[in-house]
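Chain and residue survey
Take a look at the letters that make up each chain.
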Amino acid sequence: SAAYLMGTFNIGSNMTLLGGVRFESYNMEYHAQFTYVTHTVFGNCVSTADGSIAVNDSINPDTPRNTVPYDAFNVNRTDNNFFPNVQLKYDFNHWSDIRLAYTTGISRPDYTAIIPKVAFYAGNFELGNPMLKPSTAQNFDVIASFHSNDIGLFTINAFYKIIEDEMYNTSIYY
């Protein structure tokens with residue numbers, strides 16, 4: 001679900017303030033039935049159907065090597081986010097203006113990165129991360145515009161961006 005509130009305010013004859021906030025709420029509820037084949041010839045396997053599982057090393061089968069907890073494949077998560085923005089525009093004359101803006105945004109993880117998957121193969125394993133946070137950004141802009149029938153539109157823009165919780169894939173070898 002989402003909602004947006006916005007207001008535009010004229011301050012004198014040359015200045016305009018535009019402000020708003022967007023609210024977003026989303027829920028993720030996943031259950032991944034995971035089965036790990038422990039012996040490909042005999043078809044032995046373990047499953048997450050009853051809760052956590054321990055995956056044994058094929059060299060020493062009585063010693064658990066990898067334990068997969070219950071919350072790695074069962075997720076019920078709700079995230080609430082607010083995205084404020086403020087823009088200030090000042091008209092120097094009928095053909096030039098300057099704008100200052102503060103905006104925020106979000107980049108949510110790809111579905112395959114957050115599903116509660118567990119995959120074991122050839123001595124390696126992959127895990128989805130259902131608790132992976134989305135990347136959020138704060139943007140600061142200064143924009144100068146010049147426009148007329150003689151020159152068309154000429155714009156100069158400078159910006160600064162802060163990104164938090166950047167997402168990336170990684171591999172760990174051991």
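Residues numbered from 1 in each chain as written. Predicted model: local features only at pLDDT ≥ 70, side-chain atom pairs only at ≥ 80, totals over all residues. Heavy atoms only, no water.

**Points about the environment of Val 75**
Relative to the helices and strands, Val 75 resides in strand β7 (residues 74-93). For the pair Val 75 and Tyr 30, spaced 45 residues apart in sequence, the C-alpha to C-alpha distance is 5.1 Å. (Helix = DSSP H or I, 4+ residues; strand = E, 2+ residues; numbered from the N terminus.)

**Description of the packing of aromatic side chains**
Under the definition given, this model contains six aromatic pairs. Ring plane angle 80° and centroid distance 5.1 Å describe the contact between Tyr 90 and Phe 92, whose orientation is recorded as edge-to-face. With a relative accessible area of 52%, Phe 92 lands in the exposed category. Between the aromatic rings of Phe 140 and Tyr 160, the centroid separation amounts to 6.3 Å while the plane-to-plane angle is 40°, which identifies the pairing as tilted. (Phe/Tyr/Trp six-rings, centres within 6.5 Å; stacked < 30°, edge-to-face > 60°. Buried < 20%, exposed > 50% of the residue type's maximum accessible area, 1.4 Å probe, protein only.)

**As for the pattern of salt bridges**
For the structure on display, the rule yields five salt bridges. Close ionic contact of Arg 108 with Glu 24 constitutes a salt bridge, the shortest N to O distance being 2.4 Å. In this pair, Arg 108 is assigned in the loop between β8 (96-107) and α1 (111-114) and Glu 24 in strand β2 (residues 15-31), connecting sequence segments 84 residues apart. Two residues, Arg 77 and Asp 79, come together in a salt bridge whose shortest N-O distance is 2.6 Å. Residue classification places Arg 77 among the buried residues on the basis of a relative accessible area of 9%. The network of salt bridges with shared partners includes Arg 22, Glu 24 and Arg 108. (Salt bridge = Lys/Arg side-chain N within 4 Å of Asp/Glu carboxyl O.)

**Regarding the side chain of Asp 79**
With respect to the element layout, Asp 79 can be found in strand β7. At 2.6 Å, the side chain of Asp 79 and the side chain of Arg 77 are in polar contact. Residue contacts for Asp 79: discarding those within four places in its chain leaves Glu 24, Ser 25, Tyr 26, Met 28 and Pro 134. (Polar contact = N/O pair within 3.5 Å; in protein donor to acceptor, adjacent residues only side chain to side chain. Contact = heavy atoms within 4.5 Å.)

**Some points on the pairing of β8**
Sheet topology places β7 next to β8; seven bridges connect them, and they run antiparallel. Bridging from a neighbouring strand, Lys 89 pairs with Arg 99 of β8. Counting the residues between successive antiparallel strands, the hairpin from β7 to β8 contains two residues. When β8 meets strand β11 (residues 135-148), the two strands line up antiparallel, connected through 12 bridges. Residue pairing for β11: Arg 99 is matched across the bridge by Ile 143. (Pairing = 2+ DSSP bridges.)

**Examining the sheet that holds β7**
Strand order in the open sheet formed by six strands is β1-β2-β7-β8-β11-β12, and the pairing between neighbours is antiparallel. Of all the strands in the sheet, just β1 (2-11) and β12 (152-164) have a single pairing partner and so form its edges. On average, each strand axis in the sheet is tilted by 10° relative to the strand beside it, whichever way the strands run. Summarising the sheet, β11 and β12 pair through 13 bridges and their orientation is antiparallel. Across the sheet, Val 142 pairs through a bridge with Ala 158, a residue of β12. (Axes fitted to C-alpha atoms, helices over the stretch in contact; angles between N-to-C directions.)

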